[in-house]
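Report on the structure
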Amino acid sequence: MPSQSFEQESGLPRIAIIGGGSAGWMAAAAIIKATKGAASVTLVESEQIGVVGVGEATIPPIKLFNQMLGIDENEFVRETQGSFKLGIEFVDWSRRGQRYFHPFGTHGRDFDSVPLYQYWLRERRRGDETPLDAYSMAWVVARENRFSPPARDPRLVQSTFDYAYHFDTILYGQFLRRYSEARGVDREEGRVVETRLSETGDVAAVVMEDGRAIEADFFIDCTGFFGLLIEQALKTGYEDWTHWLPCDRAMAVPSETAGDFTPYTRSTAREAGWQWRIPLQHRTGNGHVYASQFITDDEASDTLLANLDGKPLADPRPLRFTTGRRRKFWNRNVVALGLSAGFMEPLESTSLHLIQTGINRLLALFPGTGDNRLEAAEFNRLTGEEYERIRDFLILHYHATTRDDAPLWRYTANMDIPDSLAWRMEHFRATGRLVSPGTELFLNPSWMAVYAGQEIEPAGLDPLVVGSQVDGAERLAGLRRVMAEAVAPVPDHRAYIERFCKADA
């Protein structure tokens, strides 16, 4: 631990991160990098306590986090047995037999002051049944199981998509541990058995099973759903969103690599939830997220095992959760990251992203050794808004369905939804317009992909497209031709990995 004189000279608090896994080691790596090694950072974890480790799919901003750390992409993919992800394919969500793609990137590029999708809506009214997916370069590449990074020249259609990764989160945590320890982060092995509070009510120290006390000025809670500090010690409270996001359990199982090596995640709706499929280099990640009020654990496990591409490599691992968020993410001298902060299920691969944005806000509002009430209030405001806007996007997937073949889907189709989501849906149903309350993770192309994919048809169109003399049909057909030509030289997904970032056997 640094001396008192160091604390006064540097102005940096002593930081203790309680819990490892992706959340703990992402925080450790980012803080030690941002402070250029000047901060005193101790991470406490126990090898006896497992990590959830099933969040294997990410979204594009993870690239910025790795770049901030100075991590080489090919090394990272190789070390985490990773693959590439161009978006998510949704199967059977609106109705059985229907599928659509939520791409990373836009649908083509606007050729007028009116968004391209408005011309697509206009042509649909005139009888053109071409799906919106056909105008996504990400899907044009992904459906042929190809991959290469997007072009840098914004004039090219190959620049209109983005990408993320699939990777083994346990390997990612180990990768970041090596990174962090090499730069000065101290790791303490052992189980925490007690939390000591100061006279003012702040966390003063955690006590290990062997009697050691780990003291710090500021603590980061990465202890998962249990919330050792944020909840067990500080009694922060939890806002339950199960009435909007009723899935509360998951079964996860790895399987042998089989089937297509897809550069995308697949989400298939099941009777009482949905199933994920995530291809890695050494295995395929699978899971069944479900609502326990509509299906038993054994039935959920059987459904998962009956729908694998390859032989299971383990028994299904059960997970239980309550969708929602802490009432405060930063309470006194504790910030919660990862599952300690809240959970909204992995439908749109946001779990690691919320860790990342929590770290970014913590760095922007980095605590001093004195009163941090203003920083905490702003952190909680911004984080609460982000959680609620992601929540609404997830609810849209469940609510915008015509399925009535099972109790879950009848419930979600008819349930009351947040006013914030109802306002957005009302705008789209009226004129096809996309409105937003402000800065958010999922931008217009994402909302449009789900609206179109879930088959929501607006009653009217933007007046500007109704009166436009632009030949939308010709422009859209030309875009399809350009995309078809652009995909031809893109390499096979597996071939790309074999060349640049193949993991050791």
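Further up the page is the structure itself.
A brief report on the enclosed structure follows. (Residues numbered from 1 in each chain as written. Predicted model: local features only at pLDDT ≥ 70, side-chain atom pairs only at ≥ 80, totals over all residues. Heavy atoms only, no water.)

1. Considerations on the overall build of the protein
Along its length, the protein carries 17 helices and 21 strands. At 24 Å, the protein has a C-alpha radius of gyration in line with the 23 Å of a compact globule built from 505 residues. Based on the C-alpha atoms only, the size of the protein along its principal axes is roughly 75 × 50 × 50 Å. Going through the 505 residues of the protein one by one, you find that 57% of them count as buried. Here the contacts in the protein between residues at least 6 apart in sequence split such that 76% fall between residues at least 24 apart. Only carbon and sulfur atoms are counted for the fraction: they give 48% of the accessible area of the protein, which is about 21,100 Å². Charged side chains of the protein number 55 positive and 70 negative; the gap between the two group centres comes to 3 Å. (Helix = DSSP H or I, 4+ residues; strand = E, 2+ residues; numbered from the N terminus. Rg over C-alpha atoms; globule rule 2.2 N^0.38 Å. Buried < 20%, exposed > 50% of the residue type's maximum accessible area, 1.4 Å probe, protein only. Contact = heavy atoms within 4.5 Å. Areas by Shrake-Rupley, 256 points an atom, 1.4 Å probe, with all protein chains shown as cover. Lys, Arg positive; Asp, Glu negative; His and termini not counted. Charge placed at Lys NZ, Arg CZ, Asp CG, Glu CD.)

2. Quick word on the sheet that holds strand β5 (residues 99-103)
Strand order in the open sheet formed by seven strands is β5-β4-β14-β15-β16-β13-β17, and the pairing between neighbours is mixed. Bordering the open sheet on either side are β5 and β17 (317-320), each of which pairs with just one other strand. Along the sheet, successive strands turn relative to each other by an average axial angle of 20 degrees, direction set aside. Sitting on the sheet, helix α9 (residues 297-305) is in contact with β13 (249-255), β14 (265-270), β15 (273-279), β16 (284-290) and β17, with an inclination near 145 degrees to β16. (Pairing = 2+ DSSP bridges. Axes fitted to C-alpha atoms, helices over the stretch in contact; angles between N-to-C directions.)

3. With respect to the sheet that holds strand β12 (residues 238-240)
Note: strands within a sheet are paired through backbone hydrogen bonds, in either parallel or antiparallel orientation. If you walk across this open sheet you meet the three strands as β12-β18-β21, and the pairing is antiparallel. If you trace the sheet from one side to the other, it starts and ends with β12 and β21 (342-343), each paired once. Two elements, strand β18 (residues 324-326) and β21, share two bridges in a ladder whose sense is antiparallel. Paired with G324 across the two strands is F343, which belongs to β21.

4. Notes on helix α14 (residues 444-453)
Within α14, eight of the 10 residues are buried, which leaves it mostly tucked inside the rest of the structure. When we look at burial in α14, the residues that qualify are S446, W447, M448, A449, V450, Y451, A452 and G453. Contacts from the buried residues of α14 go to β5, α5 (116-125), α11 (373-399) and α13 (419-431). Positive backbone phi, approximately 65 degrees, marks E455, located one or two places after α14.

5. A few points about the side chain of T35
When you line up the elements, T35 lands in the loop between α2 (21-34) and β2 (41-45). A polar side-chain atom of T35 sits 3.4 Å from the main-chain amide nitrogen of A39. (Polar contact = N/O pair within 3.5 Å; in protein donor to acceptor, adjacent residues only side chain to side chain.)

6. Considering the environment of L347
Tracing the sequence through the fold places L347 in the loop between β21 and α10 (351-364). You can call L347 buried: its relative accessible area is 2%. Between the C-alpha atom of L347 and that of W276, which follows or precedes it by 71 residues, the distance is 8.3 Å. Excluding residues that lie within four positions of it along the chain, L347 makes contacts with I88, F90, W93, S267, W274, L394, H397 and Y398.

7. Focus: the packing of aromatic side chains
Under the defined criterion, the tally for this structure stands at 31 aromatic pairs. Centre to centre, the rings of F225 and F343 are 5.6 Å apart; their planes meet at 85 degrees, and the pair counts as edge-to-face. Of this pair, F225 sits in the loop between β11 (218-221) and α8 (228-233) while F343 sits in strand β21, placing them 118 residues apart in sequence. Judged by its relative accessible area of 33%, F225 is partly exposed. Centroid distance F321 to F343: 4.9 Å. Interplanar angle 75 degrees. Geometry classified as edge-to-face. Placement of the pair is F321 in the loop between β17 and β18 and F343 in strand β21, with a sequence separation of 22 residues. Note on F321: relative accessible area 7%, which makes it buried. (Phe/Tyr/Trp six-rings, centres within 6.5 Å; stacked < 30°, edge-to-face > 60°.)

8. Comments concerning the side chain of S148
Tracing the chain through its elements places S148 in the loop between α6 (137-142) and β6 (164-166). Its relative accessible area of 18% is what places S148 among the buried residues. Discounting residues that sit within four places of it in the chain, S148 has contacts with F161, V490, P491 and Y496.

9. A short note on the environment of W25
Tracing the backbone through its elements, the reader meets W25 in helix α2. In this structure W25 touches G20, L43, E45, G173, L176, R177, S180, E181, V185 and R187, once residues within four positions along its chain are discounted.

10. Points about α5
Judged by how many residues are buried, α5 sits mostly within the fold: eight of 10 residues are covered. Taken together, the buried positions of α5 are L116, Y117, Q118, Y119, W120, L121, R122 and E123. In this fold, the buried residues of α5 make contact with α13, α14, α15 (463-466) and α16 (472-487). Just beyond α5, the residue with positive phi is G127, at close to 105 degrees.

11. Here we look at the packing of α2 against helix α3 (residues 62-69)
For any two helices packed against each other, one specifies the inter-axial angle together with the distance between the axes. Two elements in contact, α2 and α3, have axes whose closest approach is 10 Å; the angle formed by their N-to-C orientations is 45 degrees. Taken as axis vectors, α2 and α3 run oblique relative to one another. Note on packing geometry: the crossing formed by α2 with α3 is left-handed. Mapping the contact onto sequence places M26, A29, A30 and K33 in α2 and I62, F65, M68 and L69 in α3. The residue makeup of the contact of α2 with α3, split by class, is seven nonpolar, no polar and one charged. (Parallel < 35°, antiparallel > 145°, perpendicular 65-115°, else oblique. Left-handed = near helix turned anticlockwise from the far one by under 90°. Nonpolar A, V, L, I, M, F, W, Y, C, P; charged D, E, K, R; others polar.)

This is a description of form; function is not addressed.
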